[in-house]
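Notes for the structure review
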Amino acid sequence: MIPNPSPKRSLATPPLQAQEQLLMREIIGLIGKSLAPGVVLREMLHLLSELLGLNRGRIVLVDAPDSAQNSPPGTSRICFAYGLTKAEIARGIYAPSEGITGRVLATGQTMLVQDIDAEPQFLARSVTRDQLPQETVAFIALPILVNGATVGVLACHRIRSRQRRLNDDMALLKIMATLAGQVLQLQDLMQQQTRALETRNTLLTHALDAAAVRYGIIGTSSALLQAIDELERVSQAQASVLLLGESGTGKELFARALHLSSQRRDAPFIKVNCAAIPDTLFESELFGYERGAFTGAASARVGWFEQANHGTIFLDEIGDMPLAMQTKLLRTLQEGTIVRLGGKAEIKVDVRLVAATHRDLETDVASGSFRRDLFYRLNVIPIRLPSLRERREDIHTLAIHFMNRANQANQRNVYLSPAALTRLQEHPWPGNIRELGNVIERLVLLADGPMVTATELERFLPTEAGGTFTTLASAPVGASTPAKPAPRAPTAPLVRDYLPANSHTREELQQTLAQHGGNQSRAAQALGMTVRQFAYRLRKGAPQG
Ligand SMILES: Nc1ncnc2c1ncn2[C@@H]1O[C@H](COP(=O)(O)OP(=O)(O)OP(=O)(O)O)[C@@H](O)[C@H]1O
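Residues numbered from 1 in each chain as written. Predicted model: local features only at pLDDT ≥ 70, side-chain atom pairs only at ≥ 80, totals over all residues.

Notes on the overall build of the protein chain
Here is the rule we go by: Each helix corresponds to a stretch of at least 4 residues labelled H or I by DSSP, and each strand to a stretch of at least 2 residues labelled E; elements are numbered beginning at the N terminus. Burial is judged by counting other C-beta atoms within 10 Å of a residue's own C-beta: 20 or more means buried, 12 or fewer means exposed, and anything between counts as partly exposed, with every C-beta placed from the backbone. Contact between two residues is assigned when their C-beta atoms, built from the backbone, lie within 7 Å.
Counting its secondary structure elements, the protein chain contains 19 helices and 20 strands. A buried classification covers 36% of the 545 residues belonging to the protein chain. Expressed as a percentage of contacts within the protein chain between residues at least 6 apart in sequence, the contacts between residues at least 24 apart total 70%.

Quick look at the structure:
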């Protein structure tokens, strides 16, 4: 056996013989019609045999690491063949470096066995000697290269004494091996693209499923379904509803769902964040005021209650409502009327109240900071929203939902590896669904490649100890080059603290806004406020308000 140096291209290459021309024409025509290796490569081996007498051709490929064969690493096997029986193909399995085929794979060099009977390394693994002609048989094996790496072997038998020059056959086989490499590379690329499309398809199917979920509330855990069931059962009632749950568990989403599933759905839904209203402005905000009610009240203003007439008013963070206002709210709930600030007339309002809090109102009642009678009035229908820790089975669907949303908004195609999805399910999520949504949005913007692995995910997860994560503005948002890992800056708290209205000066607010490119939502996030709180404070010129 001699390793065959690549046939040198001579400047005076002899013209292709008729069979060679026919072979090339046929194969090029075939490639034009189909790129499927099963079609092209088999036909190539067929033509090599029929036209040139290069018989029992086979293409041996290394098993993919995740192949169904479950073979030891580096195992290769016959994948395409012509003139071999099924049993012969099945026998064509080679350990790394085994036999001539294994050596070509290992060295990337063409091997030419002039006489298989004289070569101890020739295995006759697939086709036994008695199946071959009695005369001297040669075996030629060439590497198939893709991007410089040997991925397979093209091999065939050849009767040694033939009219055709061996070097002509070698040159032609080399062209065929190159073509086979191109076809396999194209197939690999197509498979990669198909896999990406399949993943995207799964994401979209999930998205469609998720969109079909009522009112945009995603999840199928029993804890969540129970809360949805309670919501639906009370949707037609008039009684107030109290939504209880940690920050970011979906209280506002539920309040909107309640409104949408009630007969009031065509009337307004007004959301009021009690944590964002300074004590002195509560009454005028909720009930409105008459012209001249106070200095600067040049004209009358309708309050939130009147604006919500026939609809629903959602009082978020009701635990932050001052006691004096609680008394007035209770009266409105009992009598169905409001009196504008500076006015005398009792104005009838038909409003359903949905209140929410992350606080333990019973403790506030015990400490005297929340009126007991108002608590009873609100607590007629309490609905507790489970934390994300209590419904980990929903994390997968929620993550895919947020991922779809962020991908669509940012024209990305990022997805999570199965291990990364599992890691998400293990995280404690103190900031609940809002926190999960933020993490996913960040990784869609900042991930290094389309697939986020469990290892890469780690840098997006808030640290357990500090509960902090970097703000979006700390990294190159929307950069087209792969982003470097974002530094962990202790900026935005995970769970919003409920800050007093004068917690930041106007300058601090403006500075943060400038640092975040004028984006109120990100500035608010950085300071641990809602956008509404932020906007309000900015407008009112905190801390005076
Ligand atoms: N089940 C859910 N399915 C899809 N999105 C959800 C779900 N629950 C919450 N979200 C989303 O999570 C984010 C936080 O939800 P929401 O604002 O309703 O929480 P919250 O309990 O009112 O928070 P906070 O008490 O801090 O105001 C929102 O973007 C919301 O759309």
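Considering the confidence of the model for the protein chain
Selection rule: pLDDT is defined as a per-residue confidence score from the predictor, taking values between 0 and 100.
Model confidence for the protein chain is summarised by a mean pLDDT of 84, while 86% of its residues fall at 70 or above. The least confident element of the protein chain, judged by mean pLDDT, is strand β20 (residues 492-493) at 34; the most confident is strand β12 (residues 312-316) at 97. Predicted confidence for residues 465-498 stays below pLDDT 50, and this span has 72 contacts to residues more than four positions away or in other chains. For this predicted complex, the interface confidence score (ipTM) comes to 0.97, while the overall pTM stands at 0.54.

Considering the site of the ligand
Defined as follows: A residue counts as near a molecule or strand when its C-beta atom, positioned from the backbone, falls within 6 Å of it. Side-chain classes follow a simple rule in which Ala, Val, Leu, Ile, Met, Phe, Trp, Tyr, Cys and Pro form the nonpolar group, Asp, Glu, Lys and Arg form the charged group, and the remainder, Gly included, forms the polar group. Throughout, the edges of the domains are those of an automatic or database domain assignment.
Neighbouring the ligand are 19 residues, the closest being I218, S247, G250, K251 and E252. When contributions to the shell around the ligand are tallied by element, the ones reaching two or more residues are α7 (251-260) and α15 (432-446). Each residue belonging to the shell around the ligand can be placed in one class, and the counts come to five nonpolar, nine polar and five charged. The two domains that each donate at least three residues to the shell around the ligand are domain 2 (233-384) and domain 3 (390-498).

Here we look at the nonpolar core
Selection criterion: A set of buried residues drawn from Ala, Val, Leu, Ile, Met, Phe, Trp, Tyr and Cys, joined through C-beta atoms within 7 Å, is what defines a nonpolar core.
Among the nonpolar cores identified, the biggest contains 46 residues, and M44, F139, I140, A141, V153, L154 and A180 are the most heavily contacted of them. Non-local contacts of F139, meaning those with residues more than four positions away in its chain, are made with I100, V113, I116, F122, A155 and H157. Within the second largest apolar cluster, 43 residues are counted, among which are I270, W304, V354 and A355.

Remarks on unusual backbone geometry
With the exception of glycine, the majority of residues adopt a negative phi angle, and the majority of peptide bonds are in the trans configuration. A positive phi angle is found at S97, which is not glycine, with a value near 65°. Here S97 lies in the loop between β4 (93-94) and α4 (99-107). A count of 13 C-beta atoms within 10 Å places S97 in the partly exposed class. Although it is not a glycine, E317 adopts a positive phi angle of roughly 55°. Among the structural elements, E317 can be located in the loop between β12 and α10 (323-335).

Some thoughts on α10
Basically, it comes down to this: Expected helix span is taken as 1.5 Å per residue step, with the number of steps being one fewer than the number of residues.
In this model α10 runs 19 Å from its N-terminal to its C-terminal C-alpha over 13 residues, within 8% of the 18 Å that 1.5 Å per residue would give. Trailing α10 by a residue or two, G336 shows a phi angle of about 70°, which is positive.

Some points on the sheet that holds strand β16 (residues 381-384)
For the record, the criterion: Any two strands with at least two DSSP bridges between them are considered paired. All axes are obtained by fitting lines to C-alpha atoms, using only the stretch in contact for helices, and the reported angles, taken between N-to-C directions, cover 0 to 180 degrees.
Spatial strand order, β9-β12-β15-β8-β16: five strands in an open sheet with parallel pairing. Sheet topology places β9 (269-273) and β16 at the edges, where each strand pairs with a single neighbour. Strand-to-strand twist in this sheet, taken as the mean axis angle between neighbours without regard to direction, amounts to 20°. The pairing of β9 with β12 spans five bridges and is parallel. Looking at β12, one finds that N273 is bridged to D316.

Concerning the packing of helix α13 (residues 395-410) against α15
Convention followed: Here the word oblique covers every angle except those under 35 degrees (roughly parallel), over 145 (roughly antiparallel) and from 65 to 115 (roughly perpendicular). Here is the rule for handedness: rotate from the far helix to the near one, and if that takes an anticlockwise turn smaller than a right angle the crossing is left-handed, while a clockwise turn gives right-handed.
Where α13 meets α15, the closest approach of the two axes is 9 Å, and the angle between their N-to-C directions is 45°. Here α13 is positioned oblique relative to α15, judged by the angle of their axes. For the pair α13 and α15, the sense of crossing is right-handed. Between α13, through I395, L398, A399, F402, M403, A406, N407 and N410, and α15, the contact on the second element is made entirely by I433, L436, G437, I440, E441, V444 and L445.

Brief notes about the packing of helix α1 (residues 18-33) against helix α2 (residues 37-52)
Contact pair α1 / α2: the axes reach a minimum separation of 10 Å and the direction vectors enclose 165°. For the element pair α1 / α2, the angle class is roughly antiparallel. Taken as a pair, α1 and α2 cross one another with a handedness that is right-handed. The segment α1 lies against α2, with Q19, L22, L23, E26, I27, L30 and I31 engaging V39, V40, E43, M44, L47, L51 and L52. For the contact of α1 with α2, the per-class residue count stands at eleven nonpolar, one polar and two charged.

Topic: the pairing of strand β6 (residues 137-146)
In terms of burial, β6 is largely enclosed, as eight of its ten residues are buried. Direction of pairing for strand β5 (residues 111-113) relative to β6: antiparallel, over a ladder of three bridges. When the bridges of β6 are listed, V113 appears paired with F139. One ladder, built from ten bridges, connects β6 with strand β7 (residues 149-159); its direction is antiparallel. Bridging across to β7, P143 finds its partner in V153. Linkage of β6 to β7, two consecutive antiparallel strands, is achieved through a turn of two residues, within which N147 is found at a positive phi near 50°.

Section: helix α18 (residues 520-527)
Three or four residues apart is the spacing at which side chains of an α-helix point the same way, because the helix has 3.6 residues per turn. The element α18 is largely enclosed, with a buried count of six among its eight residues. Directly after α18, the chain includes G528, whose backbone phi takes a positive value near 75°.

Let's talk about the pairing of strand β15 (residues 352-357)
When you tally the buried positions in β15, you get six out of six residues, the bulk of the element. Neither face of β15 is left uncovered, since the one carrying R352, V354 and A356 and the one carrying L353, A355 and T357 both have all their residues buried. Relative to β15, strand β8 (residues 241-244) runs parallel, the two being bridged by four bridges. The residue of β15 that forms the bridge with L244 is T357. Pairing geometry for β12 and β15, over four bridges, is parallel.

Describing the environment of R532
With respect to the secondary-structure elements, R532 resides in helix α19 (residues 531-540). A C-alpha to C-alpha distance of 8.8 Å links R532 and S521, two positions eleven residues apart in sequence. Setting aside residues up to four positions removed in sequence, R532 forms contacts with N273 and A276.

Some remarks on the environment of R340
Along the chain, R340 turns up in the loop between β13 (337-339) and β14 (346-348). Residues R340 and E285 lie 55 residues apart in sequence; the distance between their C-alpha atoms is 9.7 Å.

Side note on the environment of Q109
Relative to the assigned elements, Q109 resides in the loop between α4 and β5. Considered as a pair, Q109 and L142 are 33 residues apart in the sequence and their alpha carbons are 6.8 Å apart.

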